[in-house]
Amino acid sequence: MTDRTGIFAGDNPFEIARRWLSDATETEINDPNAMALSTVDETGLPNVRMVLLKEIGDDGFWFYTNYGSAKGRELEYAGKAAIVLHWKSLRRQLRVRGRVVREDGPEADDYFASRSLKSRLGAWASKQSQPLASRTALMAEVAKVTAQKGTNPPRPPFWGGFRIEPVEIEFWADGAFRLHDRFVWRREEYENEWEISRLNP
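All residue numbers refer to positions counted from 1 along the written sequence of the respective chain. Side-chain atom pairs in this predicted model are given and counted only at pLDDT of 80 or more, local residue features only at pLDDT of at least 70, and totals for whole chains, interfaces and linings cover all residues. No hydrogens and no water enter the side-chain calculation; it runs on all heavy atoms of the structure.

## Comments concerning the packing of helix H4 (residues 117-125) against helix H5 (residues 135-149)
To get an axis, a line is fitted to the C-alpha atoms, and for a helix only the part in contact is used. The angle between two axes follows their N-to-C directions and goes from 0 to 180 degrees. Comment: elements are numbered from the N terminus, with helices defined as DSSP H or I runs of at least four residues and strands as E runs of at least two. Packing of H4 against H5 leaves a shortest axis separation of 9 Å and a crossing angle of 110°. Comparing the axis directions of H4 and H5 gives the class roughly perpendicular. Seen along the crossing, H4 lies across H5 with a hand that is right-handed. Residues Leu-121, Trp-124 and Ala-125 of H4 touch H5, and the partners they reach there are Leu-138, Glu-141, Val-142, Val-145, Thr-146 and Lys-149. Classifying every residue of the contact of H4 with H5 by side-chain character gives 6 nonpolar, 1 polar and 2 charged. Here is the rule for angles: anything less than 35 degrees is roughly parallel, anything more than 145 is roughly antiparallel, 65 through 115 is roughly perpendicular, and the remaining ranges are oblique. Rotating anticlockwise by less than a right angle from the far helix to the near helix defines a left-handed crossing, while the corresponding clockwise rotation defines a right-handed one. Throughout, a contact is declared for two residues whenever any of their heavy atoms are within 4.5 Å. Polar here means any residue outside two lists: the nonpolar Ala, Val, Leu, Ile, Met, Phe, Trp, Tyr, Cys and Pro, and the charged Asp, Glu, Lys and Arg; Gly therefore counts as polar.

## What about the nonpolar core?
Throughout this description, the term nonpolar core refers to a set of buried Ala, Val, Leu, Ile, Met, Phe, Trp, Tyr and Cys residues connected via side-chain atoms within 4.5 Å. Summary of the burial criterion: residues with accessible area below 20% of their type's maximum are buried, those above 50% are exposed, and those between are partly exposed, where the area comes from a 1.4 Å probe applied to protein chains only. Core analysis: the biggest nonpolar cluster contains 32 residues, and Phe-61, Leu-94 and Phe-171 have the highest contact counts within it. For this core, the secondary-structure elements that each account for two or more residues are helix H1 (13-27), strand E1 (34-40), strand E4 (61-66), strand E5 (80-87), strand E6 (92-103), strand E7 (159-173) and strand E8 (181-186). The greatest single-element share of this core, amounting to 6 residues, is contributed by H1.

## Concerning a negative patch on the surface
Negative charge collects at one region of the surface, where Glu-188, Glu-189, Glu-191 and Glu-195 lie side by side. Mapped onto the elements, Glu-191 comes out in the loop between E8 and strand E9 (195-199). Judged by its relative accessible area of 62%, Glu-191 falls in the exposed class. Each patch groups residues whose relative accessible area exceeds 30% and which form no salt bridge, using 9 Å between like charges and 5 Å between nonpolar side chains of Val, Leu, Ile, Met, Phe, Trp and Tyr. Note on areas: Shrake-Rupley, 1.4 Å probe, and residue coverage restricted to the protein chains presented here. Criterion for a salt bridge: a side-chain nitrogen of Lys or Arg within 4 Å of a carboxyl oxygen of Asp or Glu. When charges are tallied, Lys and Arg are placed among the positive residues and Asp and Glu among the negative ones, while His and the ends of the chain are skipped. Think of each charge as sitting on NZ of Lys, CZ of Arg, CG of Asp or CD of Glu.

## Side note on H5
For a helix, the expected span equals 1.5 Å multiplied by the residue count minus one. For H5, spanning 15 residues, the distance from its first C-alpha to its last is 21 Å, which sits close to the expected 21 Å at 1.5 Å a residue. Gly-150 sits one or two positions beyond H5 and adopts a positive phi of about 75°.

## Considering the packing of aromatic side chains
Centre distance within 6.5 Å is the pairing criterion for rings of Phe, Tyr and Trp, where only the six-membered ring of Trp is used; planes under 30 degrees apart are then read as stacked, over 60 as edge-to-face, and the remainder as tilted. Applying the stated criterion across every chain yields a total of 14 aromatic pairs. With centroids separated by 5.7 Å and ring planes inclined at 65°, the aromatic side chains of Phe-8 and Trp-20 adopt a geometry described as edge-to-face. One end of the pair, Phe-8, is in the segment before H1; the other, Trp-20, is in helix H1, with 12 residues separating them in the sequence. An aromatic cluster of at least three residues, connected via ring pairs, comprises Phe-8, Trp-20, Trp-87, Phe-171 and Phe-183. When the ring centre of Tyr-67 is taken as origin, the NZ or CZ atom of Arg-102, which lies over that ring, is 3.5 Å away. One Lys or Arg, Lys-149, reaches over the ring of Trp-124 and ends 3.9 Å from the middle of that ring. In our convention, an over-ring charge means Lys NZ or Arg CZ found within 6 Å of a ring centre and within 35 degrees of that ring's normal.

## A word on the pairing of E6
The side chains of a regular strand alternate, first on one face of the sheet and then on the other. Across 8 bridges, E5 lies against E6 in antiparallel orientation. Bridge pairing links Leu-85 to Leu-94 in E6. For two strands to be treated as a pair, DSSP must find no fewer than two bridges joining them. Connecting E5 to the antiparallel partner E6 that follows it, the hairpin turn spans 4 residues, and Arg-91 within it adopts a positive phi of roughly 55°. Looking at chain direction, E6 and E7 are connected through 12 bridges and run antiparallel.

## Quick word on the environment of Ser-126
Along the chain, Ser-126 turns up in the loop between H4 and H5. By relative accessible area, Ser-126 is classed as partly exposed at 29%. For the pair Ser-126 and Glu-74, spaced 52 residues apart in sequence, the C-alpha to C-alpha distance is 18 Å. Apart from residues no more than four positions distant in its own chain, Ser-126 is found in contact with Asn-66 and Leu-138.

## Side note on the side chain of Arg-187
Positionally, Arg-187 belongs in the loop between E8 and E9. Buried charge without a salt bridge: Arg-187, with Glu-165 as the nearest opposite-charge side chain at an N-O distance of 6.6 Å. In protein, a polar contact means a hydrogen-donor-capable atom and an acceptor-capable atom, both N or O and within 3.5 Å, with residues adjacent in sequence counting only if both atoms are side-chain atoms; elsewhere, any N or O pair within 3.5 Å suffices. Engagement of the side chain of Arg-187 in a polar contact is seen with the backbone oxygen of Pro-166, the distance being 2.9 Å. Only 3.2 Å separates the side chain of Arg-187 from the backbone oxygen of Tyr-190, close enough to count as a polar contact.

In structure tokens, the structure reads:
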């Protein structure tokens, strides 16, 4: 693809994605790793929310959540998801679609341990996506968990990671007169080589 140069150059889409995220870290005011995560529930109704991307590995895009939350349940149900990161400062976006793999091993333990103490206690206290009587009730639960778990709480069994292993990654950059540049990397199977195409704006 002779015109896939500049910000689109590279033979590995994960490396390009890491480079774009690094660029955004220098220019975005808040949360350059914020992404919209799209799932579907048991009825096929779509759902979308903002979450934080925590790592772009050589096999996928990692994030963490409460497994009992709406997104956790929907991810387990469908086994597939889509994400988009949009960087206004760079006028770029990154779209990903693929299967979802649960990650609740040592990597999840390490990431949980790296979070602030208040965040770790909050993860234990929150029954994410479930009805809550009041903020007072939530803070009472945080106090109770603090007394029980102390200053080094382990990772809850209901909290951990997911990895999206993509079959499609699209790199989009704003162009003059809305003639945007779009390159999509696709593979039908996860073990296959990528096919790269330029798309119309």
